[in-house]
Amino acid sequence: MEFNKDGKVPRWKGKIYTGEFMRWSDMVSWEEAVEEARKLGENASLGKFYDKLLPVAVKFIERAEIKDLPEKLEYKDIPASPKFVAFLIESVTKLYEITNEDAEEKKAPEPS
């Protein structure tokens, strides 16, 4: 799955690529990370909130095409840019949603 961030974070233009869907164990890890982030509460700093999600999110990125960053992103490579981190988190969240979409739900009812 391709996620393009051009325009969202001008300094690091480019794309990231993930698998087409989440595997079961990866989905469980993502849901656990989201739950841990939620437990921080509304008054948590953005950095602490993202730090609960980012180590798991980066595991979904198979390849990156982003200026000045390696193709295989690791946690230590992520720039200290809340907008860039938000883009990564939003991309993994979208992958989660796509994985959990049910094609049957999208079909129009059959006429009787």
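Our structure's up above, just so we're on the same page.
Residues numbered from 1 in each chain as written. Predicted model: local features only at pLDDT ≥ 70, side-chain atom pairs only at ≥ 80, totals over all residues. Heavy atoms only, no water.

**Q** I tried to follow the packing of helix H1 (residues 24–39) against helix H3 (residues 82–100) on my own but got confused; where do I start?
**A** Any two packed helices are characterised by how steeply their axes cross, that is the angle between the axes, and by the distance between the axes. Remark: H1 packs on H3, axes separated minimally by 12 Å, with the N-to-C direction vectors making an angle of 130 degrees. Classified by the angle between their axes, H1 and H3 sit oblique to one another. You can see that H1 and H3 cross each other, and the crossing is left-handed. When H1 is examined against H3, the residues Met-27, Trp-30 and Glu-31 are found in contact with a partner set consisting of Ile-89, Val-92, Thr-93, Tyr-96 and Asn-100. Per-class residue counts for the contact of H1 with H3 are 5 nonpolar, 2 polar and 1 charged. (Axes fitted to C-alpha atoms, helices over the stretch in contact; angles between N-to-C directions. Helix = DSSP H or I, 4+ residues; strand = E, 2+ residues; numbered from the N terminus. Parallel < 35°, antiparallel > 145°, perpendicular 65-115°, else oblique. Left-handed = near helix turned anticlockwise from the far one by under 90°. Contact = heavy atoms within 4.5 Å. Nonpolar A, V, L, I, M, F, W, Y, C, P; charged D, E, K, R; others polar.)

**Q** What should I look at first to understand the nonpolar core in this one?
**A** Grouped burial of nonpolar side chains is what soluble globular proteins tend to show. Ile-16, Trp-30, Ile-78 and Leu-88 are the most contacted members of the largest nonpolar core, which has 30 residues in total. Of all the secondary structure elements, the ones that give two or more residues to this core are H1, helix H2 (46–57), strand E3 (63–66) and H3. Element by element, the count of residues in this core is highest for H3, at 8 residues. Non-local contacts of Ile-78, meaning those with residues more than four positions away in its chain, are made with Leu-54, Val-58, Leu-73, Phe-84, Val-85 and Leu-88. (Core = buried A, V, L, I, M, F, W, Y, C linked by side-chain atoms within 4.5 Å. Buried < 20%, exposed > 50% of the residue type's maximum accessible area, 1.4 Å probe, protein only.)

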